[in-house]
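Fold and contact review
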Amino acid sequence: MANTRADRFLASYRKLENDLLDDIQETYRPFKNLVEQSERPAVQRYENQLKQYGKLRNSIVHHEHEDEQPIADPREDVVQEFGRIVEQITDPPGLQPFCHEVYTASPSDDIGAVVEKMETEDFSQMPVVDDEEVIAVLTSNTITRWVGAELHQGGEGLLVTDASVKNALPYTEKDDNYTFLHRSANLYEANTHFQIEDNPRELPDAVLITHNGKATESLLGIITPYDLADLVRRL
């Protein structure tokens, strides 16, 4: 039974070490290597801290003992923070907070009605589904670009005529403005899609959640840049 702070720290360490060894189906690899070579986004997020905890573990294990108890005993806040990080890695938060009804449009839908729905429900992205497959994500920016182009060409009464969603889609800034995640993914994996530091313009307009992460499956949820603050808060 773990009693000392060192005992609890080492229990967390062993839990994480065994979990990472399971990933590579090996019985031993230096902890530093496990951390550096892990493909888990959560491990990558905490890489520097984990390396420091690895050094602390070595200090505890290899330090002199008295009465079979380690002389080195980590602070309580260190033990708790390490335990929290280990839980985030071994049992990361899932996508459930972002799984909900997703409003969609079809290419033939009246764009005026779609814009009204987006304004009423207060969202800026709407997946476009054609023949039971997601083919695009319509955004408020795309609509603005389309309206601007039409007005430049002398269009009037644009949203109350027979214009449809397909008229606006060619004005999407980039074709691959969305991506998919399977429903068993976690929030750390979702967060990686929004970590494009070199060019923020490459950020997706939506991460779409389906059963297996395929465009032909029913939408179970959506994560947009608007949700990013909430997502990070849950990590």
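The paragraphs below set out a description of the structure included in this document.

Reading the values: the criteria
- Residues numbered from 1 in each chain as written.
- Predicted model: local features only at pLDDT ≥ 70, side-chain atom pairs only at ≥ 80, totals over all residues.
- Heavy atoms only, no water.
- Phe/Tyr/Trp six-rings, centres within 6.5 Å; stacked < 30°, edge-to-face > 60°.
- Helix = DSSP H or I, 4+ residues; strand = E, 2+ residues; numbered from the N terminus.
- 1 Å grid on protein atoms, 1.4 Å probe; cavity = no way out; pocket = protein on both sides within 12 Å on 5 of 7 lines; lining within 4 Å.
- Points joined across faces, edges and corners; volume = space filled by probe spheres on them.
- Nonpolar A, V, L, I, M, F, W, Y, C, P; charged D, E, K, R; others polar.
- Salt bridge = Lys/Arg side-chain N within 4 Å of Asp/Glu carboxyl O.
- Buried < 20%, exposed > 50% of the residue type's maximum accessible area, 1.4 Å probe, protein only.

Considerations on the packing of aromatic side chains
If you walk through the whole model with that rule in mind, you get 7 aromatic pairs. For the pair Y13 and F31, a centre-to-centre distance of 4.6 Å together with 35° between the ring planes defines the contact as tilted. Of the two residues, Y13 is situated in helix α1 (residues 5-24) and F31 in helix α2 (residues 31-37); the sequence distance between them amounts to 18 residues. Every member of this aromatic cluster is reached through a ring pair, and the members are F9, Y53 and F82.

Overview of the layout of surface pockets
Approximately 330 Å³ is the volume found for the largest pocket. Lining of the largest pocket is provided by 15 residues; of these, D122, F123, S124, Q125 and T224 occupy positions nearest its centre. The biggest single contributor to the lining of the largest pocket is strand β3 (residues 125-130), with 3 residues. Class assignment for the residues of the lining of the largest pocket results in 7 nonpolar, 4 polar and 4 charged.

What about the pattern of salt bridges?
If you walk through the whole model with that rule in mind, you get 14 salt bridges. A salt bridge links E47 to K51; the shortest N-O distance between them is 3.1 Å. Of this pair, E47 and K51 both sit in helix α4 (residues 47-62), 4 residues apart, which is roughly one turn of that helix. A relative accessible area of 22% places K51 in the partly exposed class.

As for unusual backbone geometry
Even without being glycine, D131 reaches a positive phi, approximately 55°. Secondary-structure assignment places D131 in the loop between β3 and β4 (133-139). Assessed through its relative accessible area of 72%, D131 is described here as exposed. Its identity as a non-glycine residue notwithstanding, E132 has a phi of 65°, on the positive side. Position of E132 among the secondary structure elements: in the loop between β3 and β4.

Remember that the coordinates give geometry; whether it matters functionally is a separate question.
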